[in-house]
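Listed below, chain by chain, are the residues.
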Amino acid sequence: MNEPNHSPMTRRHFLHTTGTAVGGSIAMSLPPLAWAAQTGPRNASPARPLGPRWFENAWRRAVIDMHIPDWDPQFLSEFSADRYVEALVQSRAQSIVCYAHSHVGLFNYPTRVGRQHAGLNGRDLVAEMIDRCHRHRIAVVLYVSVIHDRWASDQHPDWRIVHPNGGHFGRGSRHGFVCPNSPYREYVRAWTREIAERFDLDGMRFDMTFWTCVCYCAHCQERWRKEVGGELPRTVDWTDERWVAFQRKREQWLGEFAEICTGTVKAAKPNATVEHQSSIYPGSWNNGASWPLVAQNDFLQGDFYGDALQGSFVRKLLEDLTPNRPFGYETSFSVSLQDHTARKSEALLEAKASAAIADAAAFIFIDAIDPLGTVNPHAHERMGRVFDRLMPCYRELGGERVADIGLFYGLDSRFDMRSNGKSVLEVDNGADTHTRSTMQAARALIAHHLPWRMVTRKSLCQLSRLKTLVLSNVHHLSEQEVSAIRDWLQAGGTLYASGATSLVKHTGQRQPDFMLADVFVISLAK
């Protein structure tokens, strides 16, 4: 490990609960971050830097979920911006994701575009929260929900996502799901402009920017006919160029929708940051989140609720994909999001926050507001104690990961070839042998304490830093990716490849032999 100029600190390793002890070391090279001393009143507010790149110094962040409908007039009636911010100060939060809008589709300010939450009676909660947070130099990222929008779905049935079976996706769900190819996108453009122009925000988070299923609505069908021609494919086949072209279109369309969101914010507030939901990158092809979506983020921040292996895996993936660092790693304060009063133990919360530190990530805890609008003080008291103990670590963060082994992760390969030939109605959208096998490779490296990192298309130019590269069931590879890997191997690198890696191009064209057959020194049996 490359040592920093100042005295190194011992990292706490939580192998069982976080899996961070084996992920490769971080070389500390950035200047120390000012940190709050543990002396003085427990509720004193540390100095918090604000500015266009607020996220570079905000290592301790918070989210208070507010997906509250308005069918009960008491909902949000007891909200206090002062108590809300007092809790954030107590938890040592340097930024907050503040709800301007939610999954229910209602706004927390007097909007002229959509509908305000009836329980607020014209009150501007968003302005109140921004004012109180900025008094304490807490950066405010305004939360909005896209595609998941109950009100928009109820008001505009023609905007709804259409399941391959012909019905509206999510029928009976508390959510409403609307298609980004429908006129809904202009509705989003309008309220995004309204929010960005109205408020003194530091950033904006667009949550749920992903496809909930393969959509066969009239808007998607018309767009496909204009841009490609013919009917939308209904048979999954990752060696069929037309099906793969449809998947790339879904990724492109999602990226263009995200570009509307990001561009509208930047037009009104050029210095505000924009982020889109980032927990779907290690997910299925079905969500359509790929490189076009990555490009619409200033940094990546995603919420994850799995085990130690998942945490180690996704942090290294976000580290590689993020346009700017640090990326953010989120998890809930509660045992589950469905039961927001059942708390994780303080030891587990500290382990997860420490895992983020070990991977040079910002840590974000998620709590939920009570439907009446009150904040849980116990969550913020507990997180304040956790962050106080970890405070000396934050000045150590930065630098570059040092690792011997790279696990290649292909955003084009998140599927199972055994799905080929199945109807889109029959296929298991979550089946993904590439992600599953790559995670198992990570598990093996962790068990043997071997330092590793993620490698994606973006970081292939850094292969010279590695000794070994693992290609586990990488179903689709581009010619550029194959060329970069071949050049690195010829320069002395060591490769492990499994499955049908390099047999199919990223466009779906199956090759007569492995594209890397010359360096594998094996060929496909005829």
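Before reading on, note that the structure itself is shown above.
Residue indices begin from 1 for each chain and proceed along its sequence in written order. Totals for whole chains, interfaces and linings use all residues, but because this is a predicted model, local features are given only for residues with pLDDT of at least 70 and pairs of side-chain atoms are given and counted only at 80 or more. Side-chain metrics rest on all non-hydrogen atoms present in the structure, leaving aside hydrogens and water.

**Student:** Help me understand helix α10 (residues 346-358), please; the structure alone is not making it clear to me.
**Tutor:** In an α-helix, one turn spans 3.6 residues, which is why side chains three or four residues apart end up on the same side. The way it works is that DSSP assigns letters per residue, a run of H or I at least four long becomes a helix, a run of E at least two long becomes a strand, and they are numbered from the N terminus. A helix is expected to span 1.5 Å for every residue after the first. With 13 residues, α10 extends 18 Å from end C-alpha to end C-alpha; this agrees with the ideal 18 Å at 1.5 Å per step. When a residue's accessible area, from a 1.4 Å probe over protein chains only, is under 20% of the maximum for its type it is buried; when over 50% it is exposed; and in between it is partly exposed. For α10, the buried fraction is high: 11 of the 13 residues fall into the buried class. Taken residue by residue, α10 has E346, L349, E350, A351, K352, A353, S354, A355, A356, I357 and A358 as its buried positions.

**Student:** It is not clear to me how the packing of α10 against helix α11 (residues 377-390) should be interpreted in this structure. Could you clarify?
**Tutor:** Interhelical geometry of α10 versus α11 gives an angle of 45 degrees and a closest axis separation of 10 Å. With respect to each other, α10 and α11 are oriented oblique. Relative to α11, the crossing made by α10 is right-handed. Residues E346, L349, E350, A353, S354 and I357 of α10 pack against R382, M383, R385, V386, F387, R389 and L390 of α11. By the convention adopted, Pro, Cys, Tyr, Trp, Phe, Met, Ile, Leu, Val and Ala count as nonpolar, Lys, Arg, Asp and Glu as charged, and the other residues, Gly among them, as polar. Taken together, the residues of the contact of α10 with α11 break down into 7 nonpolar, 1 polar and 5 charged. To obtain an axis, a line is fitted to C-alpha atoms, over the contacting stretch when the element is a helix, and the angle between two such axes runs from 0 to 180 degrees between their N-to-C directions. Roughly parallel means an angle under 35 degrees; roughly antiparallel, over 145; roughly perpendicular, 65 to 115; everything else is oblique. Helix crossings fall into two classes, left-handed where the near helix is turned counterclockwise from the far one by less than a right angle and right-handed where it is turned clockwise. Between two residues, a contact is recorded if the distance between any of their heavy atoms is within 4.5 Å.

**Student:** Explanation requested: the layout of surface pockets in the structure shown.
**Tutor:** It is a probe the size of a water molecule, rolled over the atoms, that shows where empty space is left. The definitions used throughout rest on a 1 Å grid laid over the protein atoms alone, on which a cavity is an enclosed set of points accommodating a 1.4 Å probe that cannot get out and a pocket is an open set flanked by protein within 12 Å on both sides along at least five of seven lines; lining residues are those having an atom within 4 Å of a point. Grid points are joined across faces, edges and corners, and a volume is the space filled by probe spheres set on the points. Put simply, the largest pocket is a space of about 870 Å³. Lining the largest pocket are 35 residues; nearest its centre among them are D65, H67, H103, R174 and L337. Breaking the lining of the largest pocket down by element, the ones donating at least two residues are β2 (60-65), β5 (203-207), β8 (301-303) and β12 (362-368). Its residues assigned to classes, the lining of the largest pocket comprises 17 nonpolar, 11 polar and 7 charged.

**Student:** Quick question: what am I supposed to make of the sheet that holds strand β17 (residues 468-472) here?
**Tutor:** Either a parallel or an antiparallel arrangement is found when strands of a sheet pair, and the pairing is made through backbone hydrogen bonds. Strand pairing is assigned whenever DSSP detects at least two bridges linking the two strands. If you walk across this open sheet you meet the 4 strands as β16-β14-β17-β19, and the pairing is parallel. Looking at the sheet topology across the chains shown, the edges are occupied by β16 (452-455) and β19 (494-498). Taking each pair of neighbouring strands and ignoring which way they run, the sheet shows an average axis angle of 20 degrees. Of the strand pairs in this sheet, strand β14 (residues 405-408) and β17 are connected by 3 bridges, and their pairing is parallel. Paired with I405 across the strands is T468, a residue of β17. Strands β14, β17 and β19 of the sheet are contacted by helix α13 (residues 479-490), whose axis makes an angle of about 145 degrees with β17.

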